[in-house]
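Each chain, letter by letter, is given below.
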Amino acid sequence: MIPLSWYLIFAAALFCIGLYGALARRNSVAIIMGIELMLNAVNINLVAFWRYITPGFLAGQVFAIIVFAVAASEAAVGLALIISIYRKRSTVVAEEIDMLKW
Amino acid sequence: MRPEILSWLIPLPPILSFFLIVLFAHRSNRLSHTIAVGAMLISWALAMSVFILALSVERLGEHPLASSIAWLPTAGTALHIGVLIDPLGAVTLFFVAWTCLAIFVYSVGYHNFGSPRDNEDVPGLPPRAGGIEPMYARFFAFISLFAFGMLTLVVSDNLLTLFIGWEIMGLCSYLLIGFWYAKESARKAMVKAFMTTRVGDVFMLLGLAYLYSVTGTLSYRAIFSAPVLERLAASPSVVAGLSIAGLIGLLLFLGTVGKSAQWPLHVWLPDAMEGPTPVSAMIHAATMVSAGVYLILRFFPLITAGWYEGQALTPTMWVIAAIGAFTALFAATIAVTQNDIKRVLAYSTISQLGYMVAAVGIGAFVAAAFHLITHAFFKALLFLGSGSVIHGVEHGAHATHEHIDANDMRNMGGLRRKMPITFWAFVAGGLALSGFPLVTAGFWSKDEILGHAYETGQVWVFGALVLAALLTALYTGRQITLTFLGGPRSSAAEHARESVPTMTIPLVILAVFAVGAGWLGIADDFPVLGGVLPNWFHAFVGGTLLEEPAATHFNAVPVLASVLAALGGLFLGWLVYRRVRAEQADPLVGPLGPVYTLLQRKYYFDELYSFAFVRPAYWFAETFTSRWLDRVVIDGILHGIGRFALRVGSFLRNVIDLPIINGSGDMVGEGVKRGGRGLRWIQTGRVQFYLVVGLLFAGLVLSYTLAIRP
Amino acid sequence: MTVLQLIFLLTAAATLASGMMVVASPNLVHAALWLIIALAGVTVLFVLLEAGFLAVVQVAVYIGAIAILIIFAVMLTRRIAADSQSQVTRSWWLAALASLLLFGGLLAMLTQIPTLTAGAPVLPGNPGDIVRDLGQSLVSLDQYVLPFETASVLLLAALIGAIVIALPPKAAGAEGGES
C-alpha cells in the first residue's frame with residue numbers, strides 16, 4: 001500500500017523540476033515544456049487527493065479533466081505565440097524578447 | 001425790502017460776474033465788460049440805496065443796520081456771520097462803490113475797447129500800439145472778484161468774513177499786478193507784493209486767533225461792548241507791558257502795516273505799479289490799501305480801550321502813531337526824486353496812508369476816517385489821470401515811431417494843451433492832495449488831522465506831518481509842472497492826444513468828489529465858513545463809537561502851517577521845474593548831492609531786504625532744504641531703504657527661495673527621477689526574471705503567514 | 001515492499017529522471033522526447049491511482065497532441081547555431097535555488113502531516129462505474145456541466161486564437177475578417 005505522502009512528494013519533486021526548467025532555460029519552447037511538467041505534477045496531486053481523501057466524490061477527476069483542457073489550450077496558444085515571435089524577431093530566446101524593458 | 005437784506009446782496013453781483021465771465025463769457029470782450037460793469041452798477045445801486053437808507057436812521061451808531069445768520073455750528077453754539085452797516089461802514093461803502101464803478105468804466109477805455117486786435121500783440125504783454133488788450137475778459141473777471149472781496153470786507157459784521165475779503169483782495173492784487181505776466185519785472189513784483197503782505201497777514205491772523213480765544217467770538221457787536229472792552233483792557237497779556245486789548249490791537253495793526261504799505265513793509269507798493277493803471281488806481285490807492293486803514297478804524301475801540309482823550313497814549317497807540325508819522329515823512333522824501341509818474345503817486349499813497357495811520361494812533365477817529373474817504377477819491381483820480389497821460393504819450397510815441405518810456409515824466413511836458421480834460425482833472429486831484437486851502441477836500445481832512453495832533457500836544461507827530469505836507473505839495477507841483485506845463489520834451493509828448501470819453505468821464509466825476517467831499521466836514525468853529533454847512537461828517541461818523549468824540553477846536557497854528565506848507569510847496573515845485581529841458585538832469589541833483597541818490601534809491605531798503613531776507617530765504621530753499629534735506633537726507637533715507645530692501649530681497653531669494661523652496665520642489669522631481677532610475681533595473685523585459693522575482697516574493701509572504709504569523 | 005510500491009518507485013524514478021533530462025538536455029528534440037517519457041510515466045501513475053480514464057486521456061491529449069505540438073514548434077523555430085550556445089540563462093543558479101527551496105519547504109510541510117502516511121481507502125462501487133459516473137457527472141445539470149462547457153468554450157477560444165496568432169502576416173487580415 002502506497003501512502004499518500006509518496007505521491008505528494010513525487011508531485012512536489014516533479015513540480016520543482018518543471019519550475020527549474022521554466023525559470024532557467026533560454027529557449028521559449030523549453031520553457032513551455034517545463035510548464036507542462038508542472039501541470040502534470042498538479043494533475044498527479046489532484047488525482048491522488050481524490051483517490052485517498054474523497055474517492056466517492058468525483059470532483060477530483062473532473063478537476064483534473066479541466067486541467068487537461070486548460071493545459072492543452074495554453075500550450076497551443078503559447079506555441080502559436082512563439083512561432084509568431086520567431087517570425088518577427090527571428091529568435092526564440094526568452095532573454096532576447098525584452099521589448100518591455102525600460 | 002429791508003436795508004439789511006440789501007446789504008447781503010451788495011457783494012453778490014461782482015462774484016456772479018466773475019464766475020460768468022470765467023466760465024462762459026470770456027470769449028466775447030463786449031459781453032465780458034458788459035457783465036462786469038453791469039454787475040458793478042447793480043452793486044453801486046444797492047450800496048447807494050443802503051447808504052441813503054442808513055442816513056435816515058436816527059442814531060445809526062447805536063442802531064446799526066445789522067443781520068446775521070448762524071453759519072458754522074460748533075458744538076453748542078454756532079459761528080455767526082452777517083452784515084453790519086453803521087456810520088463808518090456806510091461812508092466806506094459810499095466811496096468804495098463810487099470809486100470802483102468809476103474805475104470799472106475807465107478800464108473799458110484803458111484797455112482800448114473798440115480798437116481791433118493787433119496780431120503782433122502777445123497775451124501776457126501790454127498792447128504795443130493801441131490794439132485791444134488780448135486778455136481783456138480776464139481783466140474784468142479779476143477786478144470783479146476783487147470788488148467782491150472789498151465789498152465783503154466792508155459790509156461784514158465779524159472779523160472772519162473781513163479776513164476772507166482781505167485775503168481775496170490779496171489774491172487779486174497778486175493776479176493783477178502780474179497781469180502782464182510775460183514781463184519779468186511784473187512777475188517779480190507780484191510775488192514781492194504777495195509775500196510782503198503775507199508777513200503782515202500772519203500777525204493779523206495771530207491777533208484774530210488770540211481775540212477769538214480770549215472772547216470766544218469774532219463779531220464786532222459782541223467785542224465792542226463796554227464790559228468786554230474793559231476786561232480786555234484791564235487784563236495783562238503774554239507780552240509784558242501790554243494789555244490783551246493792546247496786544248491784539250498791535251497784531252491787527254501789523255496786518256495794516258502790510259496791507260497799507262507802511263514802513264517797514266512798504267516795499268511792495270511801488271513795484272506794484274507794474275500792473276495796469278486801473279489796478280493801481282483801484283487796488284493800490286482807493287480800496288485795498290484803504291482796507292488796512294479801515295481795519296484799524298473798525299478796531300479803534302479795541303486799540304483805544306482803556307484810553308481816554310487827554311491821557312497819554314497807550315503803547316499800542318504810540319507805536320501806531322510813530323509808524324504812521326514816520327512813514328508819512330519817509331515816503332514823501334522818496335517821492336520827490338522819482339521820475340516815473342506812477343511811482344510818485346505810489347509813494348504819495350504810502351505817505352497819505354501814514355497820515356491816516358498816525359491819526360488813528362493819536363486817537364483822531366473822525367479825522368482819520370475823513371482823510372480816508374477824501375484820499376480815496378483824489379488818489380483814484382490822480383492814478384486814472386496818470387493812466388490817461390500814459391495812454392496819450394503812448395499814442396504819440398506810436399505815431400512818431402519813437403521808442404521811449406511813456407511813464408517817465410522827463411519825456412512829457414506841455415500836455416496841458418494836448419489833453420485838457422485830463423489836465424484839469426489832474427490839477428483838481430493834485431491840489432486836493434497838496435491840501436490847497438478851502439476849495440479842495442484834501443485841505444479839510446488834512447487840516448483836521450493836523451489840528452488834532454497839535455491840540456493833543458503830540459508835537460513830534462505834528463512836526464513830521466507838517467513837513468510831510470510841505471514835501472507832498474512840492475512833489476505834486478513838480479509832477480504837474482513836469483507833466484503838463486512847459487513845452488513837450490519829446491516828439492511823443494508833442495503828438496499826444498486826449499483819451500476817449502470812457503476814460504475822461506470817470507475823471508470828471510471823481511474830480512467833483514475830490515473838490516466837494518471836504519465841505520461836509522468843515523469844523524463848526526472855523527472862521528467865516530464854520531457853521532455855514534453843519535459838520536455832518538463828524539456827527540455822523542463820530543456816532544460809530546460808543547462815546548461820541550469831541551470835535552476839534554479851531555486853532556490857528558495848524559491851519560496856518562498847513563496852508564503855508566501847501567501853497568509854499570506847490571509854488572516851489574513849479575518854480576524849480578518849470579524850465580526843465582529834455583535830457584537835462586533833475587535840478588535837485590546838484591544841491592542835494594548824495595542825498596538825492598539816497599532818496600532816489602529809496603534809502604536802499606530793497607537792497608537791504610534782499611540781503612537780509614530774500615537771499616537767505618533762497619539759500620535756505622535751494623541749498624539747505626532742496627539740496628541737503630531733500631536730496632541728501634530724505635532721498636538718502638529712501639535710497640537706503642531701497643538698498644536695504646534689495647539686500648533683504650536678494651538674501652531671501654538666494655538663501656531661502658532658491659535653495660529651500662526651489663530646491664525642495666526640484667528635489668521632489670529629482671528624487672522621483674532618481675528613484676525611477678534606481679528601480680528600473682527591475683524592468684528587464686525578461687519573463688523568466690519576473691517569474692523568479694514573483695516566486696521569491698510569494699515565498700516570502702507564504703513563509704511569513706505560515707511560520708511567523710499563522 | 002509490495003509489487004505496487006515497487007512499480008510506483010520505479011515509475012517515479014523514471015519520471016523524475018526523464019523530467020530532469022527534459023530540463024537539462026541542450027538538444028530540444030531530445031528534450032521533447034524525454035518529455036514524452038515523463039508523460040508516459042505520469043500515465044502509469046494514473047493507472048496506479050485507479051483513474052483509468054485519465055490515464056487514457058493523458059496519453060491521447062498530452063503525449064498524442066501536446067508533445068507532438070511541442071515537437072512541431074521546435075522544428076519550426078530551429079536556428080542554425082542554436083544548439084551550440086548555452087541553453088540556460090545567466091541566473092540559472094537562482095532558479096535552481098528557488099526550486100530547491102520550494103521543494104524543501106513542501107517536503108518539510110508534507111512530512112509533518114500524519115494522515116498522509118495512511119494507506120488508500122477502499123474504492124466504493126465497481127471500478128467500471130467510475131467512468132460511467134464520471135461521464136454522467138460531466139453532463140448532468142446538477143453536477144459539472146458548467147465547468148465542462150466552459151472548458152470547451154475555452155478550447156474553442158484557444159483554437160481560434162492560436163490560429164490567428166500563428167498565421168503568416170498577409171493572411172491574418174483575411175482570416176480575422178472571415179471569423
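Criteria and thresholds
Residues numbered from 1 in each chain as written. Chains lettered and ligands numbered in written order. Predicted model: local features only at pLDDT ≥ 70, side-chain atom pairs only at ≥ 80, totals over all residues. Heavy atoms only, no water. Helix = DSSP H or I, 4+ residues; strand = E, 2+ residues; numbered from the N terminus. Contact = heavy atoms within 4.5 Å. Areas by Shrake-Rupley, 256 points an atom, 1.4 Å probe, with all protein chains shown as cover. Buried < 20%, exposed > 50% of the residue type's maximum accessible area, 1.4 Å probe, protein only. Buried area = accessible area lost by both parts, 1.4 Å probe. Polar contact = N/O pair within 3.5 Å; in protein donor to acceptor, adjacent residues only side chain to side chain. Nonpolar A, V, L, I, M, F, W, Y, C, P; charged D, E, K, R; others polar. Patch = residues over 30% accessible without salt bridge, like charges linked within 9 Å, V, L, I, M, F, W, Y side chains within 5 Å. Salt bridge = Lys/Arg side-chain N within 4 Å of Asp/Glu carboxyl O. Phe/Tyr/Trp six-rings, centres within 6.5 Å; stacked < 30°, edge-to-face > 60°. Lys NZ or Arg CZ within 6 Å of the ring centre and 35° of its normal. Expected span 1.5 Å × (residues − 1). Pairing = 2+ DSSP bridges. pLDDT = per-residue confidence, 0-100. Axes fitted to C-alpha atoms, helices over the stretch in contact; angles between N-to-C directions. Parallel < 35°, antiparallel > 145°, perpendicular 65-115°, else oblique. Left-handed = near helix turned anticlockwise from the far one by under 90°. Lys, Arg positive; Asp, Glu negative; His and termini not counted. Charge placed at Lys NZ, Arg CZ, Asp CG, Glu CD.

**Student:** Can you help me understand the overall build of chain C in this one?
**Tutor:** When you go through chain C residue by residue, the secondary structure sums to seven helices and zero strands. Element order for chain C, N to C, with α for helix and β for strand: α-α-α-α-α-α-α. Across chain C, contacts joining residues at least 24 apart in sequence account for 44% of those joining residues at least 6 apart. A total of about 10300 Å² of accessible surface is found on chain C, and carbon and sulfur atoms cover 75% of it.

**Student:** Explain the overall build of chain B here, please?
**Tutor:** Counting secondary structure elements, chain B contains 29 helices and two strands. Going through the 710 residues of chain B one by one, you find that 55% of them count as buried. Of the contacts made within chain B by residues no fewer than 6 positions apart, 76% connect residues no fewer than 24 positions apart. Looking at chain B as shown, the accessible area adds up to about 30300 Å², and 69% of this sits on carbon and sulfur atoms.

**Student:** Is there a simple way to explain the interface of chain C and chain B in this structure?
**Tutor:** Buried accessible area, meaning the area lost when the parts come together, often serves as the stated size of an interface. Facing four residues of chain C, the contacting portion of chain B comprises four residues. Taking both partners together, chain C and chain B bury about 380 Å²; carbon and sulfur atoms supply 78% of that area. Along the contact surface separating chain C from chain B lie zero residue pairs in polar contact (both at pLDDT 80 or more). When grouped by side-chain class, the residues that make up the side of chain C that touches chain B number two nonpolar, one polar and one charged.

**Student:** Whenever I open this one, a nonpolar patch on the surface confuses me. Can you help?
**Tutor:** Side chains of W619, F620, W628, L629, V632, V633, I634, I637, L638 and I641 of chain B sit close together on the surface and give an oily, nonpolar patch of about 970 Å² of accessible area. Structurally, I641 of chain B can be placed in helix α28 (residues 605–679).

**Student:** Can you help me understand the packing of aromatic side chains in this one?
**Tutor:** Each aromatic ring pair is specified by the distance between its two centres and by the angle formed by the two planes. Residue and element names in this part refer to chain B. Tallying each qualifying case throughout the model produces 44 aromatic pairs over all chains. An angle of 55° between the planes, with centres 5.2 Å apart, marks the rings of F426 and F484 as tilted. One end of the pair, F426, is in helix α19 (residues 420–434); the other, F484, is in helix α21 (residues 459–484), and 58 residues separate them in sequence. For F484, a relative accessible area of 1% translates into the label buried. Residues F571 and W574 carry aromatic rings whose centres are separated by 6.0 Å and whose planes lie at 40° to one another, so their mutual orientation is tilted. One end of the pair is F571 and the other is W574, both in helix α25 (residues 556–577) and three residues apart, which spans about a single turn. Overall, the relative accessible area of 48% leaves F571 in the partly exposed class. By the ring-pair criterion, three or more aromatic residues cluster together here, those being W263, F326, F330, Y603, F605, Y609 and F613. Geometry around W574 places R578 over its ring, the cationic atom sitting 5.0 Å from the centre.

**Student:** Could you clarify how one ought to interpret helix α5 (residues 136–155) of chain B in this entry?
**Tutor:** With 20 residues, α5 of chain B ought to run about 28 Å at 1.5 Å a step, and its terminal C-alpha atoms sit 29 Å apart, in line with that. Of all the 20 residues making up α5 of chain B, 19 are buried; the element is thus mostly covered by neighbouring parts of the structure.

**Student:** Help me understand the pattern of salt bridges in this model?
**Tutor:** Should the charged atoms of two oppositely charged side chains come close, the side chains can pair. Residues and elements named next belong to chain B. A full pass over the atoms with the stated rule returns 20 salt bridges over all chains. Across the pair R198 and E167 runs a salt bridge whose closest N-O atoms are separated by 3.3 Å. Highlighted residues: R198 in helix α7 (residues 184–215) and E167 in helix α6 (residues 159–177), separated in sequence by 31 residues. Between E184 and K188 there is a salt bridge whose closest N-O contact spans 3.9 Å. Of this pair, E184 and K188 are both found in helix α7, four residues apart, which corresponds to roughly one turn of the helix. What makes E184 partly exposed here is its relative accessible area of 47%. A relative accessible area of 57% means that K188 is categorised as exposed. Among the ionic contacts, a cluster of salt bridges with common partners joins K192, D271, R343, K602 and D606.

**Student:** Help me understand the interface of chain A and chain C in this model?
**Tutor:** Every contact between the two is made by 71 residues of chain A and, on the other side, 85 residues of chain C. Its largest share of buried area at the contact with chain C, chain A owes to R25, R51 and F68 of chain A, together 11% of the area lost on that side. R51 of chain A serves as the salt-bridge partner of E50 of chain C, at 2.8 Å between the closest nitrogen and oxygen. Taken together, chain A and chain C are joined by seven residue pairs in polar contact (both at pLDDT 80 or more). Listed by contribution, the elements that provide at least two residues to the side of chain A that touches chain C are α1 (4–24), α2 (28–52) and α3 (59–89) of chain A. The biggest single contributor to the side of chain A that touches chain C is α3 of chain A, with 23 residues. Considering only residue class, the side of chain A that touches chain C consists of 54 nonpolar, 11 polar and six charged.

**Student:** Would you explain α6 of chain B in this entry?
**Tutor:** The periodicity of an α-helix, 3.6 residues per turn, causes residues three or four positions apart to be oriented the same way. All names here are of chain B. Compared with the 27 Å implied by 1.5 Å per residue over 19 residues, the 26 Å span of α6 between its first and last C-alpha is a close match. Counting buried positions along α6 yields 14 of 19 residues, so the element is predominantly enclosed. Of the residues that open α6, the one with a side-chain oxygen 2.9 Å from the backbone nitrogen of L160 is N158.

**Student:** Is there a simple way to explain the side chain of T197 of chain B in this structure?
**Tutor:** Residues and elements named next belong to chain B. Structurally, the position occupied by T197 is in helix α7. A distance of 3.1 Å separates the side chain of T197 from the backbone oxygen of F194, its partner in a polar contact. With residues up to four places along the chain from it excluded, the contact list for T197 reads G258, K259 and W268.

**Student:** Which parts of the structure should I look at to understand unusual backbone geometry?
**Tutor:** Excluding glycine, most residues fall at negative phi; most peptide bonds, likewise, are trans. Residue P264 of chain B is reached from W263 of chain B by a cis peptide bond, and omega for that bond is 5°. Along the chain, P264 of chain B turns up in the loop between α10 (244–259) and α11 (268–271). The phi angle at Y603 of chain B is positive, at roughly 60°, despite the residue not being glycine. Checked against the element boundaries, Y603 of chain B lands in the loop between α27 (594–600) and α28. For Y603 of chain B, a relative accessible area of 27% puts it in the partly exposed group. One non-glycine residue, E50 of chain C, adopts positive backbone phi at about 60°. For E50 of chain C, the position within the fold is in the loop between α2 (28–48) and α3 (52–76). A relative accessible area of 36% places E50 of chain C in the partly exposed class.

**Student:** Got a minute to help me understand the pairing of strand β2 (residues 77–85) of chain B in this structure?
**Tutor:** Consecutive side chains along a regular strand alternate between the two faces of the sheet. Note: strand β1 (residues 65–74) of chain B against β2 of chain B, nine bridges, orientation antiparallel. Directly across from L72 of chain B, in β2 of chain B, lies its bridge partner L79 of chain B.

**Student:** Help me out: how do you make sense of the environment of V70 of chain A in this one?
**Tutor:** By the element assignment, V70 of chain A lies in helix α3. Each C-alpha atom, one on V70 of chain A and one on L39 of chain A, is 9.6 Å from the other, the two residues being 31 residues apart in sequence.

**Student:** In this structure, what is going on with the confidence of the model for chain C? I would like to understand it.
**Tutor:** If pLDDT is low for a region, its predicted coordinates should not be looked at in detail. All names here are of chain C. Confidence along chain C averages 85 in pLDDT terms, with 88% of residues attaining 70 or more. Segment residues 175–179: pLDDT under 50, and one contact once partners within four positions in sequence are set aside and those in other chains are kept. Note on the complex model: pTM 0.67, ipTM 0.91.

**Student:** Is there a simple way to think about the packing of helix α12 (residues 277–286) of chain B against helix α17 (residues 365–400) of chain B in this case?
**Tutor:** What describes two packed helices is the angle between their axes and the distance between those same axes. Residue and element names in this part refer to chain B. Where α12 contacts α17, the axes come no closer than 9 Å and their chain directions differ by 165°. Relative to α17, the element α12 lies roughly antiparallel. Note that α12 runs across α17; the crossing there is right-handed. Seen from α12, the contacting residues are T277, P278, S280, A281, H284, A285 and A286; seen from α17, they are H375, A376, K379, A380, F383, L384, S386, G387 and I390. Grouping the constituent residues of the contact of α12 with α17 by class yields nine nonpolar, six polar and one charged.

**Student:** Is there a simple way to explain the confidence of the model for chain B in this structure?
**Tutor:** Of all residues in chain B, 99% attain a pLDDT of 70 or more, and the chain-wide mean is 88. The least confident element of chain B, judged by mean pLDDT, is helix α26 (residues 589–592) of chain B at 78; the most confident is helix α2 (residues 12–23) of chain B at 95.

**Student:** Got a minute to help me understand a positive patch on the surface in this structure?
**Tutor:** Together, K101 of chain A together with R674, R677 and R680 of chain B make up a region of like positive charge exposed at the surface. With respect to the helices and strands, K101 of chain A occurs in the segment after α3. Judged by relative accessible area, which is 43%, K101 of chain A ranks as partly exposed.

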